[in-house]
Each structure stands twice: as structure tokens, then as C-alpha cells.
Amino acid sequence: MGLVLTTLTGNYAVSYAVKLSRVKVVSAYPITPQTTIVEKIAQLIEDGEMDAEMIRVESEHSALAAAYGAASAGVRAFTATSSHGLLYMHEMLWWVAGSRIPLVMAVATRTIGPPWNIWTDHSDLMDQRDTGWLIAMAENNQEVLDETIKMFKITEDPRVYLPGIVGLDAFILTHTSEPVDIPTQEVVDQFLPDRRQPYVFKAGDPLIMGNIPKDLELNMRMREDIDKAMERAKKVIDEVDFEWGKLTGRRYGGLTECYRCEDAKHFIIGMGAWVGDMREAVDKLRSKYGVKVGLIKIRYVRPFPREDLIKWLSNASSAVVFDRSFSPGSGGHLFLETVAHASVAGVRTPIKNCLAGIAGVDVTYEDIVDVVLKSISEVEEVGTFKEFIEWYYRGGR
Amino acid sequence: MKGWYAVVDEIILPLSRPTVGVAGRTGTWRVNRPVFNSEKCIKCRLCWLYCPDNVIDVNEANPSNFITIDYNYCKGCGVCVDVCPTKALTLVPER
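Residues numbered from 1 in each chain as written. Chains lettered and ligands numbered in written order. Predicted model: local features only at pLDDT ≥ 70, side-chain atom pairs only at ≥ 80, totals over all residues. Heavy atoms only, no water.

Inclusion rule: UniProt positions are given in the numbering used here, feature names are shortened, and annotations may be inferred rather than shown by experiment.
Per an unreviewed UniProt entry, chain B goes by Ferredoxin and derives from Zestosphaera tikiterensis. On record in UniProt, under Cofactor (unreviewed entry), the comment for chain B is "[4Fe-4S] cluster".

The name that an unreviewed UniProt entry assigns to chain A is 2-oxoacid oxidoreductase (ferredoxin), with the source organism given as Zestosphaera tikiterensis. UniProt, in its Catalytic activity (unreviewed entry) section for chain A, records the words "a 2-oxocarboxylate + 2 oxidized [2Fe-2S]-[ferredoxin] + CoA = an acyl-CoA + 2 reduced [2Fe-2S]-[ferredoxin] + CO2 + H(+)".

So this is what it looks like as C-alpha cells:
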């Protein structure tokens, strides 16, 4: 179909997605490695290529507050941040979700200090799990662009009406150029309907958001409503993926993608840029070692792909969940949720947690091959794992 | 709109209209009460302008009692007392 590819960093892929989505207000505060997203948007506005207001603010808390205000007043709004900036913004995430205002944010996932560290892990992103935002994580720059455009449609669907995050790994995606297809404005216009939201704040028609509740059970129901919307979002994410696939030829799967899973007995589970290395690892494990390994790529952390994981894991021999973030005193975030949902569904498959790549430590497909080979041989010998949570360092390799 | 909340597309939202007393009788929170002395008032309207809860009314037609404070909702924050240039407002402990 004569596809013209452009080389784009992950950050610029976000910028073009925001432009194509006809976002009207962008508000942000600079932080490495997010900064070039909004720098590019500022340039597109300045050059007259994008019709939007750029609000420069004094902090990330204000960045989301301003975008939230604009979105409440009826326009498509966007912000982007990372690491410490995201943590500073954290309170406002609850306000946007609790107000049921659709809004899209890009998070360049980055380690949290101390010490100061700009490299990728998923601690900042995973710290937002309980806020009520949809959370997607991209594997490559094309997915970054596609998922950002799709996120506007998903968040503005009346069955959802929640804000959403698109995560991309610091530097591995944000500052690395890859060939990306930038869809035409006509394709995006055809895909994205006019903005929808549950209510609009208008001048001369004052409303109050968040007044003191007179009935705490109703207040509790509001939180339950967010949970129900998350459940409904699963179907919406599938539909939107299908529709985008029809227009562009790119389908990713809904909440997960399963790579070489059909005959797989052992599974690798992970999310983000290193899923690319996991694909390599799966190919290597199959071609060189002859083990039937499949990869479950988690595309959405919220809503969590409970059903998909249960389906793939119920007849598996073993699984290793790779986590780039964890809760000290408990375990890796993806691991904990995977085993909880698998366990209540009666899945007896031994599932192990590999904590790796934390604080930006480089992990290659060879590391993943090593970890998986060791865990498979342990399960085949003992029937289970001696240790369910392993801190992986390359060490003497 | 149903008082303090609203239901839109079957979603319960903490959305309401700004009406008198939408958050309940917040005057019960008051520890100190602003008291108005009409004789010192120079009708500058600063108290009316600064009141964060909009509980001060200006009585244009009644110069002898220029402002009225709605004690049902005044939380006694003391901002009006602070901005009054002539001490026409003073803060008195509630009993």
C-alpha cells in the first residue's frame, strides 16, 4: 500500500499522535526524559502546524490541574511527565479519575530516586495503579503513536469516561529512533469522533466538582463505578484495537498479545520495551533449546488482563513474570497481580517472579533466556520453585 | 443534579450546583465569630470581596447596617477581620 515510514523517537511519536488527535490544550512541565514530547508540540504549535494552546506551568501538579481544567471545559487536553514529576502530580490523578474526565497523558517511565537516575524502570508508572486511570505500556515507537491516538477514543467512550496513560520506557523508546508510519489526518479524523465527556463546565453556568459528600455510601459507589468502568473498558479497548487495525493494518490485541502461545507450555510475562527482547528470547529458546515457550505481553496494566492470563496459564507447566517495579516487603507488581488472579481462578501452574532491570539495569534477550532455562529445569526437576521471587543480576556472565 | 451529587449516563458524580448551603451548615465549624461595628465602617466592601465563602452581603439601601454576615455558613476564618482597614470587624471567641 505504498507505506511511507518516518524515523521518529518515541517522544516524537507521542507528539505527532497528539497533533493528529486535534488536542486543543497541552500543559506540561519539563522533566527528563519526557521533555522532547512537549518541546516538539510547542514547535508544532509555533510553526502553525497544530492549533492548540500550550500552557507553561510551575510544576507537574499544576500541569495536570491545568489540563484537567481544560478537559473539564470540553476540549481534548494532554500532558506528559515522568518519574519524580509523576509522583508530584499524583494527587491530581485522583481528581481527574474521580471527576470522570477523559484526558490522555504520556509517561516516560523512569526510575525514582534517590539516587538521581534517569534510566527506565516502571516504578513511577506502577505507582499510579490505584488512581482510576487506564494504563497502557508500549513496546515500540509505532505502538506509542498508535496507542496514544487510540487512548483518546477509549477514554472518551461513554462506557469508560476515565483518563488514560500511555507509558514508554525512558531512552529505550523515548530517545531512540525507529521507523514509524504516521497516519494521515484523514485517517485519524475518520477514526476519532468529536470529543465526548459526561459534563462540561461553561462560563455562566457554574458547577461544583467534589463537594463534601452527605452520603458516604454514595461516595463509595463512585469508586465502585470507576471499577465497573474499568471492566467495561476491556471490551472498548478490544473494539478500538480492531477498528484501528481495519484502518491501518496494525492490530495489537486488546489488553495482551500472546506471541507463539498456541503450543506453549512455559510462559514469559512482561510489559514495555523489553518485550522486544522477550520475543528474541522465545525464538532462541524454541530454535536452540527446543522448549515450547510463549510470551504474554501485557499491554494494559489497568484494566488488568485477568481473563487473558488465566486462559493462557491454566494449562501451562510454568511461567516467569519479569517485573521492572516492585513493592518492598511484598513482590513485583505484575507478579503479585498475576498470581492473585490465577490463584482465585484455580490455576495451579507454578509462577515465578524475576525482578530485573530495576533502576535501569540493562537486560538482554540472553539474560531472559538464562532465567527461563533455569526456571524450566527447576520446575521439571522439583515440580515447583524453591524461591518464587528472584532478584536477577547478570553477575559473572 | 441531586443536591451534592449528580447522575449522568448512570455514573454517580460528585457534581453539584453552587447554591447556599450545598455543603451543609458550615457555620457550626466556627470557633471565632466576626462581629460588625457599623459606626467604624467606611463602606469599602473589602470584606465582601475577600470572604472566601461568600457569606457577607452588602446592603446598599441600608447605610446604617452596611453589611450582613450569614452565620449559618460563616466558618469564622477571620479573613474579613484581617482585611478591614478600620477594625469595623473584630473576631470574638464563640462560647
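Having seen the model, we can carry on.
Notes on the interface of chain A and chain B
What counts is decided by this rule: A contact between two residues is defined here by any heavy atoms of the two lying within 4.5 Å. Buried area, as used here, totals the accessible surface that two parts lose on assembly, with accessibility defined by a 1.4 Å probe and the loss added over both. The salt bridge criterion pairs a side-chain nitrogen of Lys or Arg with a carboxyl oxygen of Asp or Glu, the two atoms within 4 Å. The term polar contact refers here to a pair of N or O atoms within 3.5 Å; inside protein, the definition further demands a hydrogen-donor-capable atom paired with an acceptor-capable atom, and it admits residues adjacent in sequence only when both atoms are side-chain atoms. The residue classification treats Ala, Val, Leu, Ile, Met, Phe, Trp, Tyr, Cys and Pro as nonpolar and Asp, Glu, Lys and Arg as charged. All others, Gly included, are polar. Paired strands, in this sense, are two strands between which DSSP finds at least two bridges. To qualify as a helix, a DSSP run of H or I must reach at least 4 residues; to qualify as a strand, a run of E must reach at least 2; elements of each kind are numbered from the N terminus.
Counting residues at the interface gives 24 residues for chain A and 19 residues for chain B. A buried area of about 1,900 Å², summed over both sides, lies between chain A and chain B, and 69% of it is on carbon and sulfur atoms. In this structure, the connection of chain A to chain B is made through 1 salt bridge. We note a salt bridge from Asp-205 of chain A to Arg-17 of chain B, for which the minimum N-O separation is 2.5 Å. Our count for the chain A to chain B interface comes out at 5 residue pairs in polar contact (both at pLDDT 80 or more). Of the residues belonging to the side of chain A that touches chain B, the class tally is 13 nonpolar, 5 polar and 6 charged. In this structure, strand E9 (residues 208-209) of chain A lies alongside strand E3 (residues 15-16) of chain B, joined through 2 bridges in antiparallel fashion. Bridging across to E3 of chain B, Met-209 of chain A finds its partner in Leu-15 of chain B.

Notes on the pattern of salt bridges
All names here are of chain A. Operational definition: Only protein chains enter the accessibility calculation, which uses a 1.4 Å probe. A residue is then buried if its area is under 20% of the maximum for its type, exposed if over 50%, and partly exposed in between.
In the structure shown here, the tally under the stated rule is 36 salt bridges over all chains. Note that Arg-250 and Asp-146 form a salt bridge whose closest N and O atoms lie 2.6 Å from each other. Note that Arg-250 is positioned in the loop between helix H8 (216-248) and strand E10 (256-259) and Asp-146 in helix H6 (residues 141-155), a separation of 104 residues in sequence. Neither residue differs from the other here; Arg-250 and Asp-146 are each classed as buried.

Some details on the side chain of Ser-62 of chain A
Note on placement: Ser-62 of chain A falls in helix H3 (residues 60-72). Not counting the four nearest positions on each side in its chain, Ser-62 of chain A is found in contact with Ser-27 and Val-57 of chain A.

A look at unusual backbone geometry
Residues and elements named next belong to chain A. For the peptide bond that leads from Thr-32 to Pro-33, omega is 0°, which places it in the cis range. If you trace the backbone, Pro-33 turns up in the loop between strand E2 (25-28) and helix H2 (35-46). With an omega of -5°, the peptide bond running from Arg-302 to Pro-303 counts as cis. For Pro-303, the location among the structural elements is in the loop between strand E13 (300-302) and helix H10 (306-313). Here Ser-83, not a glycine, exhibits a phi torsion of approximately 40°, which is positive.

A few points about the sheet that holds E13 of chain A
All names here are of chain A. Note the threshold: Between the N-to-C directions of two axes lies an angle of 0 to 180 degrees, each axis being a line fitted to C-alpha atoms and, for a helix, fitted only over the stretch in contact.
Ordered in space as E3-E2-E4-E5-E7-E6-E13, the 7 strands form an open sheet in which the pairing is mixed. Whereas interior strands pair on both sides, the edge strands pair on one side only; in this sheet they are strand E3 (53-56) and E13. Strand-to-strand twist across the sheet, computed as the mean angle between neighbouring axes with direction ignored, equals 20°. As defined by bridge partners, strand E6 (residues 134-137) adjoins E13 across 2 bridges and the pair is classed as antiparallel. Along E13, the bridge assignment pairs Ile-135 with Arg-302. Against the sheet, helix H1 (residues 10-20) touches E2, strand E4 (77-81), strand E5 (104-109) and strand E7 (164-169), its axis set at about 155° to E7. This element, H6, spans E4, E5, E6, E7 and E13 of the sheet and lies at about 170° to E7.

So, the nonpolar core
Residues and elements named next belong to chain A. The cut-off we apply is this: The nonpolar core is taken to be a set of buried Ala, Val, Leu, Ile, Met, Phe, Trp, Tyr and Cys residues, with the residues joined through side-chain atoms within 4.5 Å.
Counting 53 residues, the largest nonpolar core has Trp-133 and Leu-313 as the members making the most contacts within it. Ignoring anything within four residues of it in the chain, the contact list for Leu-313 reads Phe-267, Ile-269, Ile-296, Ala-319, Thr-338, Val-347, Thr-349 and Ile-351. The next biggest cluster of nonpolar side chains, apart from the first, holds 50 residues, and it includes Leu-145, Ile-237, Val-240 and Ala-273.

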